[in-house]
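Summary of structural features
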Amino acid sequence: MEEKTMNIHFILHETFEVPGAYLKWAQDRGHNITSTKVYEEEVLPETVEGIDFLIVMGGPQSPDEDRQTFPYYDPNAEIAFMQKAIAADIYIVGVCLGAQLLSVAYGGKYEHSPEREIGVFPITLTDDGLTDEHVKGFGTTLNTGHWHGDMPGLIDNAVVLATSQGCPRQIIRFSPKHYAFQAHLEFDSQAIDLLIAADGEEHLRKQNKELPFVQTPEQLRTNDYSEMNKKLYDFLDSLTQA
């Protein structure tokens with residue numbers, strides 16, 4: 001099938017939460033790329049007109065974060081923008097914080113995950129995941145990246161496609177074009193180095209000793225991220241060529 005050139009817009013919350021393989025996929029496929037860098041106080045576009053695919057990345061914030069902690073972050077504006085994208089039925093992928101924001105835009109309530117997960121751990125596809133046209137290629141289980149303490153909310157029509165031992169909502173489909181990924185399939189060595197620096201090596205080691213699903217900086221750096229990146233490319237190709 002001939003690939004169509006799309007206009008892809010990224011919402012980026014922090015310098016250390018990079019789009020990784022999402023951006024590389026868009027570049028490799030020759031798509032047009034624009035972005036709103038929230039951390040630089042850039043303003044969201046007024047409309048979603050001309051955007052074919054919205055990708056909302058992660059960050060340390062929550063969907064209801066007060067602006068005193070992160071003065072550049074306006075979750076209500078992002079949620080309203082995502083609701084415009086939902087109404088326009090363009091492609092949407094929300095990642096980590098972006099996944100939680102997508103769930104709120106759909107009328108759900110994000111929640112704290114049962115466990116904090118930092119590192120590479122397997123996700124397991126549900127029966128719905130194994131029959132989802134775009135996710136089934138992940139196989140029964142797939143080792144993916146994680147760096148979170150929250151998870152998306154659910155609504156009546158939401159379909160959970162993947163879970164993990166530490167979090168029951170790893171991939172959620174809100175509509176045929178709208179997916180929430182709590183897991184980070186976009187991680188690569190650069191992304192991991194930035195996250196380690198932001199979190200702090202000693203803080204990570206302390207969490208590793210106290211929490212069951214937190215890896216050490218050494219483990220984080222030696223994980224292989226290539227397979228999950230490939231699977232993400234396959235998902236994005238499948239989604240946008242459907």
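Going by what an unreviewed UniProt entry lists, the protein is known as GMP synthase (Glutamine-hydrolyzing) and is assigned to Streptococcus salivarius K12.

A tally of helices and strands in the protein yields 8 helices and 9 strands. Expected size for 242 residues packed as a compact globule is a radius of gyration near 18 Å; at 17 Å, the protein falls within 12% of this value. Principal-axis analysis of the C-alpha atoms gives the protein an extent of 50 × 40 × 35 Å. Across the 242 residues in the protein, those meeting the buried criterion constitute 54%. Residue pairs in contact within the protein that sit at least 24 positions apart in sequence constitute 74% of those at least 6 positions apart. Within the protein, one finds 18 positive and 38 negative side-chain charges whose respective centroids are separated by 2 Å.

With that settled, consider the sheet that holds strand β5 (residues 111-125). Pairing is mixed across the open sheet formed by 9 strands, whose spatial order is β2-β1-β3-β4-β9-β8-β7-β5-β6. Each edge of the open sheet is held by one strand with a lone partner, namely β2 (32-37) and β6 (141-151). Pairs of neighbouring strands in the sheet enclose a mean axial angle of 20 degrees, with direction left out of account. Pairing geometry for strand β1 (residues 7-12) and β2, over 6 bridges, is parallel. Across the sheet, F10 pairs through a bridge with S35, a residue of β2. Sitting on the sheet, helix α8 (residues 226-240) is in contact with β3 (53-56), β4 (91-95), β5, β6 and β9 (178-181), with an inclination near 85 degrees to β6.

The positions that UniProt labels "domain: Glutamine amidotransferase" (unreviewed entry) are, in the present scheme, residues 44-192. For residues 44-192, the end-to-end C-alpha separation is 27 Å, with 21% helix and 34% strand making up the annotated structure.

Let's shift gears to the nonpolar core. The nonpolar side chains of soluble globular proteins are, as a tendency, buried together. Of all hydrophobic cores here, the largest spans 47 residues; its most connected members are Y22, F53 and F235. Among the nonpolar cores identified, the runner-up in size contains 26 residues, and L54, Y73, A85 and A180 belong to it.

Neither face of β3 is left uncovered, since the one carrying F53 and I55 and the one carrying L54 and V56 both have all their residues buried. Bridge count for β1 against β3 is 4 bridges, and the pairing is parallel. Counted as the bridge partner of I8 is F53 from β3. Where β3 and β4 come together, 4 bridges link them in parallel fashion. Counted as the bridge partner of V56 is G94 from β4. Traced from β3 through helix α2 (residues 75-88) to β4, the parallel crossover comes out right-handed.

Along the chain, the position of E117 falls in strand β5. In this structure, E117 is buried with no salt-bridge partner, the nearest side chain bearing the opposite charge being R116 at 9.6 Å. Reaching out from E117, the side chain makes a polar contact with the side chain of Q170 at a distance of 2.9 Å. Setting aside anything within four residues of it in sequence, one finds E117 in contact with H146, W147, H148, S164, G166, C167, Q170 and F213.

What counts, and at which threshold
- Per chain, residues are indexed from 1 in the order of the written sequence.
- A pLDDT threshold of at least 70 governs which residues receive local features in this predicted model, and a stricter bar of 80 or more applies before side-chain atom pairs are shown or counted, although totals over entire chains, interfaces and linings include all residues.
- As a convention, hydrogens and water are excluded, and side-chain values are obtained from all of the structure's heavy atoms.
- Numbering of helices and strands runs from the N terminus; a helix is a DSSP stretch of H or I covering at least four residues, while a strand is a stretch of E covering at least two.
- The size measure is the radius of gyration over C-alpha atoms, and the globule rule it meets is 2.2 Å times the number of residues to the 0.38 power.
- Relative accessibility thresholds used throughout: buried, under 20% of the residue-type maximum; exposed, over 50%; partly exposed, between the two (1.4 Å probe, protein chains only).
- Note on definitions: a residue-residue contact is assigned when non-hydrogen atoms from the two residues lie within 4.5 Å.
- Positive residues here are Lys and Arg, negative ones are Asp and Glu, while His and the chain termini are left out of the count.
- Think of each charge as sitting on NZ of Lys, CZ of Arg, CG of Asp or CD of Glu.
- Following DSSP output, two strands are said to pair if at least two bridges run between them.
- Note on definitions: angles span 0 to 180 degrees between N-to-C directions of axes, and those axes are lines fitted to C-alpha atoms, for helices only across the stretch in contact.
- UniProt positions are given in the numbering used here, feature names are shortened, and annotations may be inferred rather than shown by experiment.
- Definition of nonpolar core: a set of buried residues of the types Ala, Val, Leu, Ile, Met, Phe, Trp, Tyr and Cys, connected through side-chain atoms within 4.5 Å.
- When the strands point away from the viewer, a crossover counts as right-handed if the route from the first strand across the helix to the second turns clockwise.
- Salt bridges are counted wherever a side-chain nitrogen of Lys or Arg sits within 4 Å of a carboxyl oxygen of Asp or Glu.
- For the purposes of these results, a polar contact is taken to be a pair of N or O atoms within 3.5 Å, where, inside protein, one atom must be able to donate a hydrogen and its partner to accept one; residues adjacent in sequence count only when each atom of the pair is a side-chain atom.

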